[in-house]
Amino acid sequence: MCLLVFSIYLFLILVSHSGADDSFSHESGSSAVRNFGGAVGAHLSDLLFFIAGYSAYALLGLSFFMLWRARKLVDAIDLPGFNEPMPKWIAWVRPIGFMILWLGLMGLESLSIFKGTALPAGAGGVVGQTISGVFQQLLGLSGAVLLLLLCTSRLSTFNAAK
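Calculation criteria
Residues numbered from 1 in each chain as written. Predicted model: local features only at pLDDT ≥ 70, side-chain atom pairs only at ≥ 80, totals over all residues. Heavy atoms only, no water. Helix = DSSP H or I, 4+ residues; strand = E, 2+ residues; numbered from the N terminus. Buried < 20%, exposed > 50% of the residue type's maximum accessible area, 1.4 Å probe, protein only. Contact = heavy atoms within 4.5 Å. Areas by Shrake-Rupley, 256 points an atom, 1.4 Å probe, with all protein chains shown as cover. Salt bridge = Lys/Arg side-chain N within 4 Å of Asp/Glu carboxyl O. Phe/Tyr/Trp six-rings, centres within 6.5 Å; stacked < 30°, edge-to-face > 60°. Expected span 1.5 Å × (residues − 1). Arc of directions from axis to C-beta. Axes fitted to C-alpha atoms, helices over the stretch in contact; angles between N-to-C directions. Parallel < 35°, antiparallel > 145°, perpendicular 65-115°, else oblique. Nonpolar A, V, L, I, M, F, W, Y, C, P; charged D, E, K, R; others polar. pLDDT = per-residue confidence, 0-100.

*Asks:* Mind laying out the overall build of the protein chain, listing which residues take part and the relevant values?
*Replies:* A count of helical and extended segments in the protein chain gives five helices and zero strands. Put simply, the protein chain runs from its N terminus to its C terminus through helices and strands in the order α-α-α-α-α. Buried positions account for 31% of the 162 residues belonging to the protein chain. Summarising the internal contacts of the protein chain: among those between residues at least 6 apart in sequence, 63% fall at separations of at least 24. Taken as a whole, the protein chain presents about 10,000 Å² of accessible surface, with 72% of it coming from carbon and sulfur.

*Asks:* Talk me through the pattern of salt bridges; I want residue IDs and the actual numbers.
*Replies:* Scanning the model with the defined rule gives one salt bridge in all. Among the salt bridges present, the one from D21 reaches R34, with a minimum N-O distance of 3.9 Å. One end of the pair, D21, is in the loop between helix 1 (2-15) and helix 2 (38-52); the other, R34, is in the loop between helix 1 and helix 2, with 13 residues separating them in the sequence. With relative accessibility at 44%, the residue R34 sits in the partly exposed group.

*Asks:* Pulling in residues and values, what's your account of the packing of aromatic side chains?
*Replies:* Per the stated rule, a full pass over the model turns up two aromatic pairs. Ring centres of F98 and W102 lie 6.0 Å apart, and the angle between their planes is 20°; on these two criteria the pair is classed as stacked. Of this pair, F98 and W102 both sit in helix 4 (residues 90-111), four residues apart, which is roughly one turn of that helix.

*Asks:* Let's hear about the side chain of N35: which residues, and what values?
*Replies:* Assignment of secondary structure puts N35 in the loop between helix 1 and helix 2. What makes N35 buried here is its relative accessible area of 5%. Once residues within four sequence positions are removed from consideration, N35 is found in contact with L12, I13, S16, H17, D21, G41, A42 and S45.

*Asks:* Can you explain the environment of F49? Please cite residues and give values.
*Replies:* Counting through the fold element by element, F49 comes out in helix 2. Each C-alpha atom of the pair F49 and A121 lies 7.4 Å from the other, and the pair is 72 residues apart in sequence. If we ignore the near neighbours within four places in the chain, the residues touching F49 are L14, H17, Y54, A56, Y57, L119, P120 and G125.

*Asks:* Can you break down helix 1 residue by residue, with the values?
*Replies:* In a regular helix each residue adds 1.5 Å, so 14 residues correspond to 20 Å; helix 1 covers 20 Å between its end C-alpha atoms and thus fits that length. Within the span of helix 1, buried status applies to S7, L10, I13 and L14. Looking straight down helix 1, one finds that the buried residues subtend no more than 140° of arc, so they occupy a single side.

*Asks:* If you had to explain the packing of helix 1 against helix 2 to someone new, which residues and values would you point to?
*Replies:* Closest axis-to-axis distance for the helix 1/helix 2 pair is 9 Å, and the angle between their directions is 80°. It follows that helix 1 is roughly perpendicular to helix 2 by the angle criterion. Contacts between helix 1 and helix 2 involve Y9, L10, I13 and L14 from the former and V40, G41, L44, S45, L48 and F49 from the latter. Looking at side-chain class alone, the contact of helix 1 with helix 2 contains eight nonpolar, two polar and no charged residues.

*Asks:* Quick one: what's the story with the confidence of the model for the protein chain, residue by residue and with numbers?
*Replies:* Taken residue by residue, the protein chain gives an average pLDDT of 79. The fraction at 70 or more is 82%. Averaged over each element, pLDDT in the protein chain is lowest for helix 3 (residues 56-75) (75) and highest for helix 5 (residues 125-153) (89).

*Asks:* Outline helix 2, listing residues and values.
*Replies:* Over its 15 residues, helix 2 extends 21 Å from the first C-alpha to the last, a length consistent with the 21 Å expected when each residue adds 1.5 Å. Of the positions making up helix 2, those classed as buried are G41, A42, S45, D46, L48, F49 and A52. Along helix 2, the residues classed as buried sweep out an arc of 165° about the axis, all on the same side. At the C-terminal side of helix 2, G53 shows a positive phi close to 65°.

What follows is the structure, encoded as structure tokens:
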């Protein structure tokens, strides 16, 4: 239930993010808050967009995926083999796969033509700018794009591991 409330709140604050609200990255001087999450939602959405850019929406996707997965587990309780022990390493596979996917998305967004001027730190956020800058310095533009595409496609398939 808490995850459902968190997912809905995250959806509301990200969708209603406004550059005219007071937040970490800028001050508007207006007392009116346009974010559906209030002043806390305005600051939180600004922080998420500052760090991750448009990839902040990936957190929303992750929270809804976790809700779907929890529902699937509840439905599968009566299935044979449900009580079999899981390998200890499996708990780390999905989070690592998601982080690789998320970092790759931030880097690709930062390298894209669409720069996300409405966001505090651009389309990929500060993390995306850092990742894309390092990879572009080491591998050039083409190499950085290929490596980040690899991160978002093949390496993130760890998320699908059962």
